[in-house]
Amino acid sequence: MASATTKTAKKPKPAKATFHDETVEQPSGGETHQKASDDTIMTTQQGVPVSDDQNSLKAGSRGPTLMEDIVMREKIFHFDHERIPERVVHARGYGAHGYFETYENLSDITSADIFQRAGEKTPAFVRFSTVAGSKGSVDLARDVRGFAVKLYTKEGNWDIVGNNIPVFFIQDAMKFPDLIHSVKPEPDRGFPQAQSAHDNFWDFISLMPEAMHMLMWVMSDRAIPRSFRFMEGFGVHTFRLVNAKGKSTFVKFHWKPKLGMQSVVWNEAVKINGADPDFHRKDLWNAIEAGEYPEWELGLQLFDEDFAEKFDFDVLDATKLVPEELVPVRPVGRLVLDRVVDNFFAETEQVAFCTQNIVPGVDFTDDPLLQGRNFSYLDTQIKRLGGPNFTHIPINAPKCPFAHFQQDGHMAMHNPKGRVNYEPNSWGEDGGPRESDKGFKSYPEELDAPKQRVRSETFADHYSQARQFYISQTETEQGHIADAITFELSMLEREEIRVRIVSHLLNIDEGLAETVADGLGVRKMPKPADAARPTRQDLKPSPALSILKNSPETFEGRKLGVLIAEDSPSILLNTLKSEIEAAGAEIILVSKRVGEIELDNGTTVTADFKVDGGPSVLFDAVAILLSEAGGKAMAQIPAARDFAGDAFAHSKFIAYTEGSTVLLRKIGLSEELDEGCVKLGDASNAKDFVRICARLRHWAREKKLP
Ligand code: HDD
């Protein structure tokens, strides 16, 4: 039997050619010449050296350009075709390479090769994204974040195409186009971009009670993460793991960030979008380039069919989660992102995730959302990447041996070699790849059911988990949810949609409904929406659902923005710097201009940002280290006043010197300073300040703000 590997081994090693920075294998039949010259010489696509890349070929120096100009025509032709369709959803995204490291052998649960050997490292590519916005939209939209992981296992590519929220808006894939149409820019006017705060979205949602649980999540701080590095990921659906004996276990996938979860507040998100629309992608790029490799732990919630039967919801319903208090999350490995892409388009844009990409030992369940996705992803890649051979693009190709008789089509890079391209065949050793007992087998689930278009009765409880999510939040987080719903609904033109949403909220939490109604000026409280099932009041809060109840208590991976001017105190700055760096965080200097700034002892430091380019929304905490003269000068600069005022309004920890009080007074803060503001007199309270920064925000302040 000829296996793919033995067959490849017999072949001469494929020639390698360098193309830009990448080493690519020559397509079959291709042999490269010895390098005639070095690759610093510009060539056409055909490899013809170019002598002049500045001027087109003309008749005379001022005459018309000649059709004959092969160099210019090829260059412009290629430029004209640079764009491919952006993803219909999740268009704006950012990816990085890394690896997954397995903690332990899980062969009792799954035969998936990736889980057979402790310590094994599997190459991975991850793409984070927003859902609604176009490719060029902003990073801090209020939105779900995609969390798509491609694992290049030794038995094929396994894609876990998840989100940073463990549930979804709808139960059946049939409704996905409607959901997405409703949230995207309205079709007649082409706006709003990357926003759910408009009539069409809320109209649709208000008519879909099944969306209420997910709605609570997207109106929570989960939808405005501080960084991709500080958010959880979820496979969302219930999947199966199947062991070598064919035993199936249900599983939910969780990615837990090593640096803990953290989000921003809405007013901050809006300002970040103006200050730095690329905030999330830069954060990921910079962290990896600095060697601060982001890391997540993969956790499994495992349960069998009998256990699933005992839940009062259906595990096939993607609008429900399995509370971690019911089924704990078992850590089984870690995902580390340690390499940025060489080329954004080639890798991040062309990567093609498909939920259908699973490997032996993993299988689907009958979740109708997942079943529909299994069609959609493959289909969309063909449209987006132009043909069925998108797996030939290096980022999508498996890193294990592969062999099949699929051939031809646009851009075929590796057709089967030799005479045989069919199976069965009687060519013996030369007959190409054959099936194997080790191959993928579907779990032999027994099915005997009538064909019908129905929604299972077991999917009917739309409010109980929405309520459970809400009551699991801290008071601060509940306040943010109420604010978010009130803000979004305030952007609508149609009053009846607002009222309809309030009627749903009454089924979730009366207090929430009243706060929102009050915030919107709804005079007459509607009746609660008709509910297919009454909301369960007995579900206990699940602390795992709150960000703030799971505070990481560390400033690691965060940023301190320090406002300085001429004459700023060098001792305090140096202490802050060394303490912040010892905490694994970064210090960024902001001043009235970039470049060298002389401190009180005559030494100089380099400011990273001019104050209007480095507003405090870009940092997790701030220090205002000004001398009296510096304070007076900064008090005159509107961007410096915003720096301090926003940091205060966004509940950030603030360190300040006596000299800075001029600036603080100018924005009316002198009376309001609280325990979240630390006055620096000497090095020791600079240390204390860095210690309290580990609490990330001083939320108590928020209650006192108007
Ligand atoms: Fe989807 C992209 C996540 C439901 C159809 N989806 C896409 C991406 C993520 C998700 C992370 C971006 C992948 C990347 O970075 O390239 N989608 C989800 C989750 C869902 C979900 C967690 C629910 C649990 N999606 C869903 C449904 C359908 C789709 C029900 C269609 C019936 N999704 C798509 C798509 C996209 C996509 C149209 C657009 C681009 C792409 O696939 O590659 O096929």
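Residues numbered from 1 in each chain as written. Predicted model: local features only at pLDDT ≥ 70, side-chain atom pairs only at ≥ 80, totals over all residues. Heavy atoms only, no water.

**Thoughts on the packing of helix H15 (residues 570–582) against helix H19 (residues 683–693)**
Moving on, step 1. In the contact formed by H15 and H19, the axes pass within 9 Å of each other and the chain directions differ by 35 degrees. Pair H15 / H19 crosses with right-handed handedness. Between H15 and H19, the contacting residues are Leu 572, Thr 575, Leu 576, Glu 579 and Ile 580 on the first element and Ala 683, Ala 686, Lys 687, Phe 689 and Val 690 on the second.
Moving on, step 2. For the contact of H15 with H19, a count of residues per class yields seven nonpolar, one polar and two charged. (Axes fitted to C-alpha atoms, helices over the stretch in contact; angles between N-to-C directions. Helix = DSSP H or I, 4+ residues; strand = E, 2+ residues; numbered from the N terminus. Left-handed = near helix turned anticlockwise from the far one by under 90°. Contact = heavy atoms within 4.5 Å. Nonpolar A, V, L, I, M, F, W, Y, C, P; charged D, E, K, R; others polar.)

**Focus on unusual backbone geometry**
Moving on, step 1. Note that the residue after Phe 191, namely Pro 192, is joined by a cis bond; omega there is 5 degrees.
Moving on, step 2. That bond from Glu 423 to Pro 424 is cis: its omega, 5 degrees, falls within 30 degrees of zero.
Moving on, step 3. When you line up the elements, Pro 424 lands in the loop between helix H10 (368–385) and helix H11 (464–471).
Moving on, step 4. A positive phi angle, close to 70 degrees, is found at Val 236, a residue other than glycine.
Moving on, step 5. Summarising the element assignment, Val 236 is placed in the loop between strand E7 (233–234) and strand E8 (239–242).

**Regarding the pairing of strand E14 (residues 586–591)**
Moving on, step 1. Burial within E14 is extensive, with five of its six residues counted as buried.
Moving on, step 2. As paired strands, strand E13 (residues 559–564) and E14 are joined by five bridges and run parallel to one another. Each residue of the ladder has a partner; that of Leu 560, found in E14, is Ile 587.
Moving on, step 3. Of the crossover connections in this fold, the one passing from E13 over H15 to the parallel E14 is right-handed.
Moving on, step 4. Both E14 and strand E17 (residues 609–610) contribute to a ladder of two bridges, which runs parallel. Opposite Ser 591, over in E17, you have Lys 610 as the bridge partner. (Buried < 20%, exposed > 50% of the residue type's maximum accessible area, 1.4 Å probe, protein only. Pairing = 2+ DSSP bridges. Right-handed = clockwise from strand over helix to strand, strands pointing away.)

**So, the coordination of the iron atom of the ligand**
Moving on, step 1. From the protein, the iron atom of the ligand takes a single donor atom, Tyr 377 (OH), 1.8 Å away.
Moving on, step 2. Note on placement: Tyr 377 falls in helix H10. (Donors = N, O, S within 2.8 Å, 3.2 Å for Na, K, Ca; no water.)

**Details of a negative patch on the surface**
Moving on, step 1. Judged by side-chain charge, Glu 292, Glu 556, Glu 586 and Asp 608 come together as a negatively charged surface patch.
Moving on, step 2. Here Glu 556 falls in the partly exposed class, since its relative accessible area comes to 30%. (Patch = residues over 30% accessible without salt bridge, like charges linked within 9 Å, V, L, I, M, F, W, Y side chains within 5 Å. Areas by Shrake-Rupley, 256 points an atom, 1.4 Å probe, with all protein chains shown as cover. Salt bridge = Lys/Arg side-chain N within 4 Å of Asp/Glu carboxyl O. Lys, Arg positive; Asp, Glu negative; His and termini not counted. Charge placed at Lys NZ, Arg CZ, Asp CG, Glu CD.)

**Digging into the site of the ligand**
Moving on, step 1. Taken together, 22 residues lie around the ligand, and Arg 87, Arg 127, Arg 373, Tyr 377 and Gln 381 are the ones closest in.
Moving on, step 2. Side-chain polar atom of His 90 to a nitrogen atom of the ligand: 3.4 Å apart, as the coordinates give it.
Moving on, step 3. Interatomic distance of 2.8 Å between a side-chain N/O atom of Gln 381 and an oxygen atom of the ligand.
Moving on, step 4. For the shell around the ligand, the secondary structure elements donating two or more residues are strand E5 (145–153), strand E6 (156–163) and H10.
Moving on, step 5. The greatest single-element share of the shell around the ligand, amounting to six residues, is contributed by H10. (Near = heavy atom within 4 Å. Polar contact = N/O pair within 3.5 Å; in protein donor to acceptor, adjacent residues only side chain to side chain.)

**Here we look at the sheet that holds strand E19 (residues 654–656)**
Moving on, step 1. Taken in spatial order, the six strands make up an open sheet running E17-E14-E13-E18-E19-E20, and their pairing is parallel. In this open sheet, the two strands that pair with only one neighbour each are E17 and strand E20 (677–679).
Moving on, step 2. Pairing of E13 with strand E18 (residues 621–625) involves five bridges; the strand directions are parallel. In the strand pairing of E18, Val 562 is matched with Ala 623.
Moving on, step 3. Docked against the sheet, helix H17 (residues 638–649) engages E13, E14, E18, E19 and E20, running at close to 135 degrees with respect to E18.

**Re the packing of helix H13 (residues 495–508) against helix H14 (residues 510–520)**
Moving on, step 1. As a packed pair, H13 and H14 sit with axes 6 Å apart at the nearest point and diverge in direction by 160 degrees. Judged by the angle between their axes, H13 and H14 are roughly antiparallel. Of the two elements, H13 crosses H14, and the hand of that crossing is left-handed. In this structure, H13 contributes Arg 498, Val 502, Leu 505, Leu 506 and Ile 508 to the contact, and H14 contributes Glu 510, Leu 512, Ala 513, Val 516, Ala 517 and Leu 520. (Parallel < 35°, antiparallel > 145°, perpendicular 65-115°, else oblique.)

**Re the domain arrangement of the chain**
Moving on, step 1. Split into domains, the chain comes out as domain 1 (93–396), domain 2 (458–548) and domain 3 (553–704).
Moving on, step 2. Taken over C-alpha atoms, the centre of domain 2 sits 38 Å from the centre of domain 3. (Domains from an automatic or database assignment.)

**Some remarks on the environment of Gly 235**
Moving on, step 1. Examined against the element boundaries, Gly 235 turns out to sit in the loop between E7 and E8.
Moving on, step 2. Here Gly 235 falls in the buried class, since its relative accessible area comes to 2%.
Moving on, step 3. Here the alpha-carbon distance between Gly 235 and Val 622, two residues 387 residues apart in the chain, equals 36 Å.
Moving on, step 4. The residues contacting Gly 235, other than those within four sequence positions of it, are Ile 160, Gly 162 and Phe 253.

**Structural notes on the side chain of Ser 616**
Moving on, step 1. Mapped onto the elements of the fold, Ser 616 is located in the loop between E17 and E18.
Moving on, step 2. What makes Ser 616 buried here is its relative accessible area of 1%.
Moving on, step 3. In this structure the side chain of Ser 616 is engaged in a polar contact, spanning 3.4 Å, whose partner is the backbone nitrogen of Ala 647.

**Observations regarding the pairing of E8**
Moving on, step 1. With burial as the criterion, each face of E8 is covered, one bearing Phe 239 and Leu 241 and the other bearing Arg 240 and Val 242.
Moving on, step 2. Taken together, the four bridges between E8 and strand E9 (residues 248–257) define a ladder with antiparallel strand orientation. Note on E9: the bridge partner recorded for Val 242 is Ser 248.
Moving on, step 3. What sits between E8 and E9 in their antiparallel hairpin is a turn of five residues, with Gly 246 showing a positive phi close to 90 degrees.
Moving on, step 4. Examined bridge by bridge, E8 and strand E12 (residues 362–363) share two bridges and lie antiparallel to one another. Along E12, the bridge assignment pairs Leu 241 with Val 362.

**Here's the deal with the pattern of salt bridges**
Working definition: two side chains of opposite charge can pair if their charged atoms are close together.
Moving on, step 1. The full count for this structure, using the stated rule, is 41 salt bridges.
Moving on, step 2. One salt bridge connects Asp 53 with Lys 75, and the closest N-O pair in it is separated by 3.0 Å. One end of the pair, Asp 53, is in the loop between strand E2 (22–25) and helix H2 (70–80); the other, Lys 75, is in helix H2, with 22 residues separating them in the sequence.
Moving on, step 3. On the basis of relative accessible area, Lys 75 is assigned to the partly exposed category, the value being 46%.
Moving on, step 4. A salt bridge links Glu 268 to Arg 226, with the shortest nitrogen-to-oxygen separation between them at 3.4 Å. With Glu 268 in helix H6 (residues 266–275) and Arg 226 in the loop between helix H5 (212–218) and E7, this residue pair connects regions lying 42 residues apart in the sequence. Arg 226 shares its class with Glu 268; the two are buried.
Moving on, step 5. Ionic contacts of the salt-bridge type, sharing partners, join the residues Arg 226, Glu 268, Asp 620, Lys 652 and Arg 697 into one network.

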